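This is what each chain is made of:
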Amino acid sequence: MTEQLPPTTTPDVPGTALAEDEAVRLTSELIRIDTTNTGDPDTLVGERAAAEFVAAQLAEVGYETTYVESGAPGRGNVVARLAGSDPSRGALLVHGHLDVVPADASEWSVHPFSGAVQDGYVWGRGAVDMKDMVAMSLALARRLKRDGIQPKRDIIFAFLADEEAGGHFGAQWLVENRPELFEGATEAISEVGGFSITVKDGVRAYLIETAEKGIAWMTLRARGRAGHGSMIHDDNAVTKLTQAVSRLGTHRFPIVLTDSVREFLQGISDITGLAFDEDDLEGSVAKLGNIARMIGATLRDTANPTMLKAGYKSNVIPSIAEATVDCRILPGRQVAFERELDEILGPDIEREWVGLPPLETTFDGALVDHMTASILAEDPGAKALPYMLSGGTDAKSFAQLGIRCFGYAPLRLPADLDFSALFHGVDERVPVDALKFGTRVLDRFLRNC
């Protein structure tokens, strides 16, 4: 159980109000910079423009910024440091990515790169993933510098490229090539945490990310004998591959309760009285409503086939067939996961990996206490709980520097908003009130942590 410390200072109301308005404005302006990351270098747009926009916003209030293009032209990253009052304390890293996944405008109610502010929301690709947190961080970096506020510890603000394709030209590149930019950082906060769910009688639980599943993008390859499509073939690469992919796609890996998930379920049970029977854990989790998809995905490893590639002509049996599988692996499960894969796929299927490891930290310590206190100062009846993210973030890269990483981008959300569906979804949007709430929470947090 974390100690719920009261904030040691209260927000400066005029300065905080300006930062709230700036967070909304900056979210909209950042969305209007199309930073679509397809993973194909020939189709990338906007990362440099977004990074230069951020650098200009920081320079305007007096920051010295480091702009780095990592490995390839246009992959812009911006880092700035605000000195704290106690140089003996470890620095806090506040990081966010500037790139977004693609969006098909024909499917949206508003143009995905309009940044429209209407109906109480800021609309557009990146509104929750994660230009909202980038905007809140940027607005508060400006507020602290402009108002001459010195936090207790150094704060490193990092605005990064390429997270949506693994961070190879963003966080991972900086960790490998410019680690001095993060010197002294011991803890970090970033996306997909600190948001609320309404669980019972209007009580909100704020989910702070303490763990992430590992990511492994796996290529499966089958080989066979090439030949004419009109002949009988008993060594067909396409047949071998599709049979293996079908077995894998329908397989269910065992339920494994990690510490983070177990603590989350206990916290929800304490609030609601809902029992999570381990004999029907998925059925119990399904009662959580919209958040059930996200939590359900952290009960077990997953391996979802996403792409198939084979052949070059309808009447030619190809000698090679390939499939791509998106694997998400629980902490501590890598060896067992690979053993199951071998059994499912069989000896005729080759596999190659590209991936990032899982993460898990404990829900305790002074930083967690300050996260909790900052939320409760704005929402006194709320609860803060740890949870595991089924996806992955740039935290995987920064953890390699020994930095303890959390997801903490506070948002107080409407009870009926299906928040998890907005990530990479159609009509992605963030409530204006949630942005202002998050800015107030982060203001308290950054001053006092």
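Parameters and conventions
- Residues numbered from 1 in each chain as written.
- Predicted model: local features only at pLDDT ≥ 70, side-chain atom pairs only at ≥ 80, totals over all residues.
- Heavy atoms only, no water.
- Pairing = 2+ DSSP bridges.
- Helix = DSSP H or I, 4+ residues; strand = E, 2+ residues; numbered from the N terminus.
- Contact = heavy atoms within 4.5 Å.
- Axes fitted to C-alpha atoms, helices over the stretch in contact; angles between N-to-C directions.
- Buried < 20%, exposed > 50% of the residue type's maximum accessible area, 1.4 Å probe, protein only.
- Expected span 1.5 Å × (residues − 1).
- Arc of directions from axis to C-beta.
- Phe/Tyr/Trp six-rings, centres within 6.5 Å; stacked < 30°, edge-to-face > 60°.
- Lys NZ or Arg CZ within 6 Å of the ring centre and 35° of its normal.
- Domains from an automatic or database assignment.
- Buried area = accessible area lost by both parts, 1.4 Å probe.
- Salt bridge = Lys/Arg side-chain N within 4 Å of Asp/Glu carboxyl O.

## As for the sheet that holds strand 19 (residues 429-431)
Overall, antiparallel pairing links the three strands, which are arranged 4-5-19 in an open sheet. On the outer flanks of this sheet lie strand 4 (117-118) and strand 19, each paired with one strand and no other. Examined bridge by bridge, strand 4 and strand 5 (residues 121-123) share two bridges and lie antiparallel to one another. Within the sheet, the bridge partner assigned to Q118 lies in strand 5 and is Y121. Most of the contacts of helix 13 (residues 432-448) go to strand 19, to which it runs at about 65°, and overall it touches strand 4, strand 5 and strand 19.

## Details of the pairing of strand 7 (residues 185-190)
Two faces belong to every sheet, and in a regular strand the side chains alternate between them. Of all six residues in strand 7, five are buried; the element is thus mostly enclosed. Pairing geometry for strand 3 (residues 91-97) and strand 7, over four bridges, is parallel. Of the residues in strand 7, the one forming a bridge with A91 is A185. As paired strands, strand 7 and strand 18 (residues 404-407) are joined by four bridges and run parallel to one another. Within strand 18, the position partnered with A188 by the bridge is C405.

## Quick word on helix 9 (residues 334-345)
With 12 residues, helix 9 ought to run about 16 Å at 1.5 Å a step, and its terminal C-alpha atoms sit 16 Å apart, in line with that. Residues A336, F337, E340, L341, I344 and L345 constitute the buried set of helix 9. Down the axis of helix 9, the sector holding all buried residues measures 155°, keeping them to one side. Counted as exposed and oriented over 90 degrees from the buried face of helix 9: V335 and E343.

## A word on helix 2 (residues 47-60)
Relative to the 20 Å expected for 14 residues at 1.5 Å per residue, helix 2 spans 20 Å between its end C-alpha atoms, a close match to the ideal helical length. Taken together, the buried positions of helix 2 are E47, A50, A51, F53, V54, A55, Q57 and L58. Remark: G62 follows helix 2 within two positions and exhibits a positive phi of approximately 110°.

## Some remarks on the pairing of strand 9 (residues 203-212)
Taking burial as the measure, the 10 residues of strand 9 include eight buried ones, the bulk of the element. Summarising the sheet, strand 8 (residues 195-200) and strand 9 pair through five bridges and their orientation is antiparallel. Within strand 9, the residue paired with T198 across the bridge is R204. Count of turn residues in the strand 8/strand 9 antiparallel hairpin: two residues, of which D201 carries a positive phi of about 50°. As paired elements, strand 9 and strand 17 (residues 383-389) share seven bridges and run parallel to each other. When the sheet's bridge partners are listed, Y206 is paired in strand 17 with A384. Judged from the two bridges that link them, strand 9 and strand 16 (residues 359-360) form a sheet pairing that is antiparallel.

## Some points on the packing of aromatic side chains
A full pass over the atoms with the stated rule returns 10 aromatic pairs. Measuring from centroid to centroid gives 5.0 Å for F195 and F419, while their planes differ by 40°, and the two rings are tilted. Of this pair, F195 sits in strand 8 while F419 sits in helix 12 (residues 419-422); the two residues are 224 residues apart in sequence, bridging distant segments of the chain. Under the relative-accessibility criterion, F419 is labelled buried at 8%. Relative to F437, the ring of Y206 has its centre 5.8 Å away and its plane inclined at 20°; by these criteria the two rings are stacked. Taken together, the residues span a long stretch of sequence, with Y206 in strand 9 and F437 in helix 13 at a distance of 231 residues. Summarising the burial analysis for this pair, Y206 and F437 share the class buried. The lysine or arginine in question, K145, covers the ring of Y63, its NZ or CZ lying 5.1 Å from the ring centre. The lysine or arginine in question, R429, covers the ring of Y121, its NZ or CZ lying 5.2 Å from the ring centre.

## Regarding the domain arrangement of the protein chain
Looking at the protein chain, the domain boundaries give domain 1 (16-210 + 359-447) and domain 2 (214-356). One C-alpha centre belongs to domain 1, the other to domain 2; they are set 30 Å apart. Residue-level contacts link 29 residues of domain 1 with 23 residues of domain 2. Taken together, the two surfaces of domain 1 and domain 2 that pack against each other cover about 2300 Å², and 69% of this comes from carbon and sulfur. Among the residues domain 1 hides against domain 2, the three largest losses belong to M388, S390 and K396. Together they make up 25% of the total. Our count for the domain 1 to domain 2 interface comes out at one salt bridge.

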